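Descriptive analysis of the structure
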Amino acid sequence: MEEMLFYDRMQFAFTITFHYLFPQLTMGLSLIIVYFKWKYLRTKNEQYNHATHFWMKIFALNFAMGVVTGIPMEFQFGTNWAKFSELTGGIIGQTLAMEGMFSFFLESSFLGIFLFGEKILGHKWHFVTGVLIMIGSWTSGYLIIATHSWMQNPVGYEILENGKFVLTNFKALFLNPWLWPSYLHNQAASLVTSSFVVAGIGAFYILSQKNVSFGRLFLKTGVIFGLISSIIVAVPTGDLLAKNVVKYQPVTFAGMEGIFHTEKKGSEIVLIGQPDVKDKKLDNKIAVPNILSFLTYGNWEQEIKGLDQFEEDLHPTNISGLYYAYHIMVGLGTLFIGLMVLALFQLIRGKLYQTKWILWSLMFMMPFPYIANTTGWYTAELGRQPWLVYNLLRTSAGASPTVSSGNTLFTLLGFIGLYLLLGMLFLLLIGKIINKGPHHVELSTEKI
């Protein structure tokens, strides 16, 4: 059973990690595309319209990859996690069906119109279709996170005698206190990814002396959006989400922060340290006393429960993985804010386009928001273990008893090979789009 569960989890972890590389860009990028089109309507500067078309190509390719890699996850609910689907399908099936029927079809339908219908629609209606694509994209994220939030903090349900979960309060599902902080945090993090990609490609154009005018536009836009979204990820959304974890999953919070033993007069915040789960301690730690208590409760001496206050069978099953995922996410988020502050400072001074070390840094940092987003989701999922539905349904009780570990491993290896080929094809096509660049246009008198 343990081997089967391991491969079930590994397959879902691999497929969803690869899949989420694409939606995390498209959700944030849809807002930036709408911004470019809005700027064109206001200024009539053709450069903004060509920027819209350029990024829409990248959006469309990411959207297509997201669709292709998203479908296998739906099938896994019925194959590897059939018991989970049987018991909770009456609740999570509703939000997942809404995501497919409303959000996905809204986004995909208007994507084709946006790509090919500008001449027929005119620029104002073209802008409206862009807004509808963004609404579809962001609504899709909302419904997926509504599902995730119910698994983290189940509300509005009843368990029948046969063990099945049924929804008794539809409104409670969408007023879940876990939902809005998670959703806003996720969307802001998506905007961080898209901002760094836009800024990084802008930096590439400037450094290579190719499409320099577009490079300046992309760099300026990416830095402004990037700084705003990076701050929102930390405060208030990240702060609110962390306080939710303290309130509803205190054992998870202890694992995230590496608090093995309760500290009576305030908890320190650990900057660096390696968890020794066997001996229940942090090795080589560098910590600041009482800061964690103040950030969490606004009280320097507030007690925060350690792992020693909970039964071991309630502890997260991978404390080391949870700890490192959380600290990588937070560390990178802090780095993003610092880099974007420096970039905006140079932009205000009029020296950003000549400051090569910042341009190289922004280009080099393009992959790191993907890492931060991925480790953020790992934090959420590892923190919920050993539960599928927190405190109600254990992960071991949701797996399909009839699917062998050998079958799951075989298909996992197939997914790895297939996704490797898809990833190479994706990078090749993206590289061609970036290398070709936006259409050349003469700059108007407006300063970029």
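To be clear, the structure that these remarks concern was listed above.
These numbers were taken from a predicted model, which means no experiment stands behind them.

How two aromatic rings sit relative to each other is set out by the distance from centre to centre and by the angle between their planes. Applying the stated criterion across every chain, the model contains 34 aromatic pairs. On the basis of an interplanar angle of 55° and a centroid distance of 6.1 Å, the ring pair of F36 and F218 is categorised as tilted. With a gap of 182 residues between them, F36 in helix α2 (residues 23–43) and F218 in helix α9 (residues 212–248) connect regions that are remote in the sequence. Note on accessibility: F36 and F218 belong to one class, buried. Ring centres of F54 and W55 lie 5.1 Å apart, and the angle between their planes is 80°; this geometry places the pair in the edge-to-face category.

The next subject is the nonpolar core. L29, F36, W55, I58, F59 and F218 are the most contacted members of the largest nonpolar core, which totals 39 residues. Elements with a minimum of two residues in this core: α2, α3 (46–79), α4 (82–116), α8 (179–207), α9 and α15 (405–436). The contacts of F36, once residues within four sequence positions are left out, are Y48, A51, T52, W55, L217, F218 and T221. Core analysis: the next-biggest nonpolar cluster, separate from the first, contains 28 residues, L87, I92, M151 and F174 among them.

An α-helix turns once per 3.6 residues; consequently, residues spaced three or four apart project the same way. Along its 37 residues, α9 runs 50 Å from first to last C-alpha, staying within 8% of the 54 Å computed at 1.5 Å per residue. Residue G238 marks the point of greatest curvature in α9, where the axis turns by about 45°.

This part takes up unusual backbone geometry. Excluding glycine, most residues fall at negative phi; most peptide bonds, likewise, are trans. Of note, the bond from V235 into P236 is cis; its omega dihedral lies within 30 degrees of zero at 10°. You can see P236 is positioned in helix α9. Cis geometry is adopted by the peptide bond preceding P386, which originates at Q385 and carries an omega value of 15°. Of note, N211 is a non-glycine position whose phi angle comes to about 50°, a positive value. Mapped onto the secondary structure, N211 falls in the loop between α8 and α9. Even without a glycine there, the phi angle at N391 is positive, about 65°. Examined against the element boundaries, N391 turns out to sit in the loop between β5 (387–389) and β6 (393–394).

Calculation notes
- Residues numbered from 1 in each chain as written.
- Predicted model: local features only at pLDDT ≥ 70, side-chain atom pairs only at ≥ 80, totals over all residues.
- Heavy atoms only, no water.
- Phe/Tyr/Trp six-rings, centres within 6.5 Å; stacked < 30°, edge-to-face > 60°.
- Helix = DSSP H or I, 4+ residues; strand = E, 2+ residues; numbered from the N terminus.
- Buried < 20%, exposed > 50% of the residue type's maximum accessible area, 1.4 Å probe, protein only.
- Core = buried A, V, L, I, M, F, W, Y, C linked by side-chain atoms within 4.5 Å.
- Contact = heavy atoms within 4.5 Å.
- Expected span 1.5 Å × (residues − 1).
- Bend = angle between axes of the 7 residues up to and from the residue.

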